[in-house]
Amino acid sequence: QVHLTESGGGLVQAGGSLRLSCAASGRTTSSHTMGWFRQAPGKEREFVVTISQSGVYSIYADSVKGRFTISRDNAKNMVHLQMNSLQPDDTAVYYCVAKSLPWTTSRFTDDFDYWGQGTQVTVSS
């Protein structure tokens, strides 16, 4: 079992930045694909970004490409999401996810094995 805990959410003005972190406990996630999804009020949960086990490969949603950067530290079982140029449309609960494969190009929620409880990000205009 893998337990994921997010941190770093909060309130920020449009144009600002936040850095989310995800700490994994239980089994090591060094062989897992890691990533982030988000869910805005009244909307379905949506894919944000994933990163491969090695950190070499990543996929971003078009809506965040060029503004968000994912990174991972396998030695510390951590994943980070640097979010810059935040906009009100980025307001959502952000979830850390893990899949028990070194890499996947899937963007479907059902394909991910482990989920954190989420951290709220609110961007004011």
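Counting starts from 1 at the beginning of each chain's written sequence and moves along it residue by residue. For this predicted model, a pLDDT threshold of at least 70 governs which residues receive local features, and a threshold of 80 or more governs which side-chain atom pairs are given and counted, while totals over whole chains, interfaces and linings are taken from all residues. Only hydrogens and water are set aside when side-chain values are computed; all heavy atoms of the structure are taken into account.

## Regarding the sheet that holds strand E7 (residues 68-73)
By definition, two strands form a pair when at least two bridges between them are found by DSSP. Each helix is a run of H or I in the DSSP string that is no shorter than four residues. Each strand is a run of E no shorter than two, and both are numbered from the N terminus. What the four strands build is an open sheet, ordered E1-E3-E8-E7; its pairing is antiparallel. Bordering the open sheet on either side are strand E1 (2-7) and E7, each of which pairs with just one other strand. Recorded for the sheet is a direction-independent mean angle of 15 degrees between the axes of neighbouring strands. In terms of strand pairing, E7 meets strand E8 (residues 78-83) through six bridges, oriented antiparallel. Following the sheet pairing, Arg 72 is matched in E8 by Val 79. Note on geometry: axes are lines fitted to C-alpha atoms, helical ones only across the stretch in contact, with angles between N-to-C directions running from 0 to 180 degrees.

## Brief notes about the state of the cysteines
Working definition: a disulfide is two cysteine sulfur atoms within 2.5 Å of each other. According to the stated counting rule, one finds one disulfide in the structure shown. There is a disulfide in this structure between Cys 22 and Cys 96, and the S-S distance comes to 2.1 Å. Negative torsions about the S-S bond denote left-handed disulfides, and the value of about -80 degrees found for Cys 22 with Cys 96 makes this one left-handed. On the criterion of sequence distance, the pair formed by Cys 22 in strand E3 (residues 18-26) and Cys 96 in strand E9 (residues 92-99) is long-range, its members being 74 residues apart. Like Cys 22, the residue Cys 96 is buried in the burial classification. Partly exposed describes any residue whose relative accessible area lies between the buried limit of under 20% and the exposed limit of over 50%, with all areas from a 1.4 Å probe on protein chains only and scaled to the type maximum.

## Comments concerning the pattern of salt bridges
Each salt bridge in this description consists of a side-chain nitrogen of Lys or Arg and a carboxyl oxygen of Asp or Glu lying within 4 Å of one another. Under the definition given, this model contains four salt bridges. In this structure, the salt-bridge partner of Lys 65 is Asp 62, at a minimum N-O distance of 3.1 Å. Residue Lys 65 is classed as exposed on the basis of its relative accessible area, which comes to 51%. We classify Asp 62 as exposed; its relative accessible area is 64%. A salt bridge links Arg 67 to Asp 90; its shortest N-O distance comes to 2.7 Å. Here Asp 90 lies in the loop between E8 and E9 and Arg 67 lies in the loop between strand E6 (58-60) and E7, a separation of 23 residues in the sequence. Across the pair, Asp 90 and Arg 67 agree in class, each one buried.

## Regarding the packing of aromatic side chains
Any two rings among Phe, Tyr and Trp, with Trp reduced to its six-membered ring, count as a pair given centres within 6.5 Å; such a pair is stacked if its planes are under 30 degrees apart, edge-to-face if over 60, and tilted if neither. As enumerated under the stated definition, the model contains five aromatic pairs in all. The interplanar angle of 85 degrees and the centroid separation of 5.7 Å between the aromatic rings of Phe 37 and Phe 47 together place this pair among those described as edge-to-face. Here Phe 47 lies in strand E5 (residues 46-51) and Phe 37 lies in strand E4 (residues 33-39), a separation of ten residues in the sequence. Judged by relative accessible area, Phe 37 falls into the buried class, the value being 0%. Taking 6.0 Å as the distance between ring centres and 70 degrees as the angle between the ring planes, the aromatic pair formed by Tyr 95 and Trp 115 counts as edge-to-face. With Tyr 95 in strand E9 and Trp 115 in strand E10 (residues 114-115), this residue pair connects regions lying 20 residues apart in the sequence. Given the relative accessible area of 11%, Tyr 95 is considered buried. Against the face of Tyr 95 rests Arg 45, its NZ or CZ located 3.9 Å from the ring centre. Counting as a charge over the ring demands two things of the Lys NZ or Arg CZ atom: a distance within 6 Å of the ring centre and an angle within 35 degrees of the ring normal.

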